[in-house]
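# An overview of the molecular structure
The primary structure of each chain is shown beneath.
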Amino acid sequence: MYFTEWVSGKTHNQVAQDLEVSRSFITQIISGSKKPSIKTMRRIRDLSEGQVSADELLDEFAVDA
């Protein structure tokens, strides 16, 4: 499951608090204008209890070379 699917139905504020980032940053990630750091992606993986895998995070957020 991708992060944007996992976060659906959750408040941006709660996700931001859980990930220790700002609410606006969560909104920017969801809209595609920002990408999370590796540290934040690890937090997403851990917070989602594996529902969002490392591979899915890379697929969703990796910068094309």
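Structural notes, computed from the coordinates. (Residues numbered from 1 in each chain as written. Predicted model: local features only at pLDDT ≥ 70, side-chain atom pairs only at ≥ 80, totals over all residues. Heavy atoms only, no water.)

### Quick look at helix H4 (residues 38-47)
Where H4 is concerned, the buried positions are Thr 40, Met 41 and Ile 44. One face of H4 carries all of its buried residues, which in axial projection span an arc of 100 degrees. Looking at the buried positions of H4, the neighbouring elements they touch are helix H1 (3-6), helix H2 (12-19) and helix H5 (54-61). Positive backbone phi, at 55 degrees, marks Glu 49, one or two positions downstream of H4. (Buried < 20%, exposed > 50% of the residue type's maximum accessible area, 1.4 Å probe, protein only. Helix = DSSP H or I, 4+ residues; strand = E, 2+ residues; numbered from the N terminus. Arc of directions from axis to C-beta. Contact = heavy atoms within 4.5 Å.)

### Structural notes on the environment of Ala 62
Looking at the element boundaries, Ala 62 is found in the segment after H5. Measuring from C-alpha to C-alpha, the distance between Ala 62 and Glu 20 comes to 21 Å, with 42 residues separating the pair along the chain.

### Considering H5
Among the residues making up H5, those that are buried are Leu 57, Glu 60 and Phe 61. Angularly, the buried residues of H5 cover 75 degrees about the axis, an arc narrow enough to put them on a single face. Within H5, the exposed residues directed more than 90 degrees away from the buried face are Asp 55 and Asp 59. For H5, the elements touching its buried residues are H1, helix H3 (23-31) and H4.

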